[in-house]
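Chain residues, written in single-letter form:
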Amino acid sequence: MDRDDRDDPFGDFFEEIERMMNEMANGNPGSEDAGFGSATHVDAYTTDDGVRLVADLPAVSKEELSLQCDGEALTISAASDRREYDETVELPVPVDEHSADATFNNGVLEVVFDRDDDSASIDLE
């Protein structure tokens, strides 16, 4: 696509979308990352109360997703007859894995955890 991006404040944004679309379109069916491109975009944010993780998973259905958390990392897996995807994301702070609240809408996974405040105080003698 030919554009004059010199005055376009969204140029970088559109270039990233084009890159992701090209990666998805050029994926080899049957390869490990078919439909996902070479890298899935995952961000983890700390909040006052916990951790919020957002992952872009294009061409994945809710039924294909599996999530596992051990309190320090979240593993995102998706499997179908055409592809398999597995990624472990280290969380920025320890979380209470039992507090997870996950939503998946239009290829965007969002998982929210409470922080794990299970620290013990130490008495000095």
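For every chain, the first residue of the written sequence is number 1, and numbering continues from 1 onward in sequence order. At least 70 in pLDDT is required for a residue's local features to be given in this predicted model, at least 80 for side-chain atom pairs to be given and counted, and no such filter applies to totals for whole chains, interfaces and linings, which use all residues. Water and hydrogen atoms were dropped before computing side-chain values, which therefore reflect all heavy atoms in the structure.

Engineer: Please explain the overall build of the protein as it appears in this structure.
Structural biologist: When helices and strands are tallied, the protein shows one helix and seven strands. Helical segments are the DSSP runs of H or I of at least four residues, strand segments are the runs of E of at least two, and each set is numbered from the N terminus. For the protein, the N- to C-terminal ordering of α and β elements is α-β-β-β-β-β-β-β. Partly exposed describes any residue whose relative accessible area lies between the buried limit of under 20% and the exposed limit of over 50%, with all areas from a 1.4 Å probe on protein chains only and scaled to the type maximum. Classification of the 125 residues of the protein by burial places 26% in the buried group. Considering only contacts within the protein whose residues lie at least 6 apart along the sequence, 41% involve residues at least 24 apart. For the protein, the accessible surface area stands at approximately 8900 Å², while carbon and sulfur atoms represent 45% of it. Any two residues whose heavy atoms approach within 4.5 Å at even a single point are treated as in contact. Computed with the Shrake-Rupley method and a 1.4 Å probe, the accessible areas treat only the protein chains shown as cover for residues.

Engineer: How do you make sense of the side chain of serine 99 when you look at a structure like this?
Structural biologist: Tracing the chain through its elements places serine 99 in strand E6 (residues 95–105). Any pair of nitrogen or oxygen atoms within 3.5 Å is treated as a polar contact; in protein, a donor-acceptor pairing is required on top of that, and neighbouring residues in sequence qualify only through side-chain atoms on both sides. Of the polar contacts made by the side chain of serine 99, one reaches the backbone oxygen of aspartate 96; its length is 2.6 Å. Those residues in contact with serine 99, other than ones at most four positions away along the chain, are Val112, Phe113 and Asp114.

Engineer: Could you clarify how one ought to interpret the side chain of glutamate 64 in this entry?
Structural biologist: As for its position among the elements, glutamate 64 is in the loop between strand E2 (50–56) and strand E3 (65–69). Discounting chain neighbours no more than four positions away, the residues touching glutamate 64 are Ala59, Ser77, Ala78, Ala79, Ser80 and Arg83.

Engineer: Looking at this structure, how should I read unusual backbone geometry?
Structural biologist: Backbone geometry follows two general trends: most residues other than glycine have a negative phi, and most peptide bonds adopt the trans configuration. The backbone of asparagine 106 shows a phi angle near 50 degrees, a positive value even though the residue is not glycine. Residue position: asparagine 106 is located in the loop between E6 and strand E7 (108–115).

Engineer: Please clarify how the environment of threonine 88 should be interpreted in this entry.
Structural biologist: Within the element layout of this structure, threonine 88 appears in strand E5 (residues 84–90). You can call threonine 88 partly exposed: its relative accessible area is 48%. A distance of 3.1 Å separates polar atoms of two side chains, one belonging to threonine 88 and the other to threonine 75.

Engineer: Would you mind going over the environment of valine 93 with me for this structure?
Structural biologist: Here valine 93 lies in the loop between E5 and E6. Taking the relative accessible area as the measure of exposure, valine 93 reaches 19% and is therefore buried. Between the C-alpha atom of valine 93 and that of threonine 46, which follows or precedes it by 47 residues, the distance is 7.6 Å. If we skip the residues at most four places from it in the chain, valine 93 touches Thr46, Val51, Gly71 and Arg115.

The values are spatial; any link to function lies outside them.
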